[in-house]
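# Analysis of the macromolecular model
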Amino acid sequence: QKQLVASGGGLVQPGGSLRLSCAASGSIFSGSVMGWYRQTPGNQRDLVAAITSGGTATYADSVKGRFTVSRDNAKNTLYLQMNSLKLEDTAVYYCNSKRSNGISYWGQGTQVTVSS
């Protein structure tokens with residue numbers, strides 16, 4: 001079964017940290033570009049960070065220097081370390097797997113709320 005299961009969201013104060021995880025079935029992790037997206041109500045789902053199977057990472061300008069994406073290919077798990085969180089980081093975060101054939105898979109989303 002092809003699935004992505006995200007976890008690690010929660011409520012955190014501004015300036016705090018959270019670490020998101022996304023466990024994937026092997027068939028959609030290995031060789032895929034894995035990414036984190038986020039979405040707020042009424043808005044589109046935007047890319048936060050992505051990482052290739054070889055470990056090359058890209059980031060949205062708004063999170064550069066604060067967020068770090070990583071993957072453990074042995075555990076088929078994607079991570080997003082989020083530091084110095086801001087109010088505007090509040091969103092539902094989704095993990096994504098993009099295969100070389102263009103097929104994309106989505107996880108169920110995990111809520112991140114930054115609030116004082």
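The rules behind these values
- Residues numbered from 1 in each chain as written.
- Predicted model: local features only at pLDDT ≥ 70, side-chain atom pairs only at ≥ 80, totals over all residues.
- Heavy atoms only, no water.
- Salt bridge = Lys/Arg side-chain N within 4 Å of Asp/Glu carboxyl O.
- Helix = DSSP H or I, 4+ residues; strand = E, 2+ residues; numbered from the N terminus.
- Buried < 20%, exposed > 50% of the residue type's maximum accessible area, 1.4 Å probe, protein only.
- Polar contact = N/O pair within 3.5 Å; in protein donor to acceptor, adjacent residues only side chain to side chain.
- Contact = heavy atoms within 4.5 Å.
- Pairing = 2+ DSSP bridges.
- Axes fitted to C-alpha atoms, helices over the stretch in contact; angles between N-to-C directions.

Right, let's get into the pattern of salt bridges. Applying the stated criterion to the full structure yields 3 salt bridges. Where D89 meets R38, a salt bridge forms, and the shortest distance between an N and an O atom there is 2.9 Å. A residue pair is termed long-range when its members are at least 10 positions apart, and D89 in the loop between β8 (77-82) and β9 (91-98) and R38 in strand β4 (residues 33-39) qualify at 51 residues. The pair formed by D89 and R38 is uniform in burial state, with each residue classed as buried.

Once that is clear, we can look at the side chain of R66. By the secondary structure assignment, R66 is in the loop between β6 (57-59) and β7 (67-72). A polar side-chain atom of R66 sits 2.9 Å from the main-chain carbonyl oxygen of S62. Within the local environment of R66, its side chain forms a polar contact with the backbone oxygen of S84, the two atoms lying 2.9 Å apart. In contact with R66, other than residues within four places in its own chain, are Q81, M82, N83, S84, L85, K86 and D89.

The 4 strands lie next to each other as β1-β3-β8-β7, forming an open sheet whose pairing is antiparallel. Edge strands, defined here as strands with exactly one partner in the open sheet, are β1 (4-7) and β7. For this sheet, the mean angle separating the axes of adjacent strands, direction not counted, is 15 degrees. One ladder, built from 6 bridges, connects β7 with β8; its direction is antiparallel. When the sheet's bridge partners are listed, D72 is paired in β8 with T77.

Interpretation in functional terms is not warranted from these geometric data alone.
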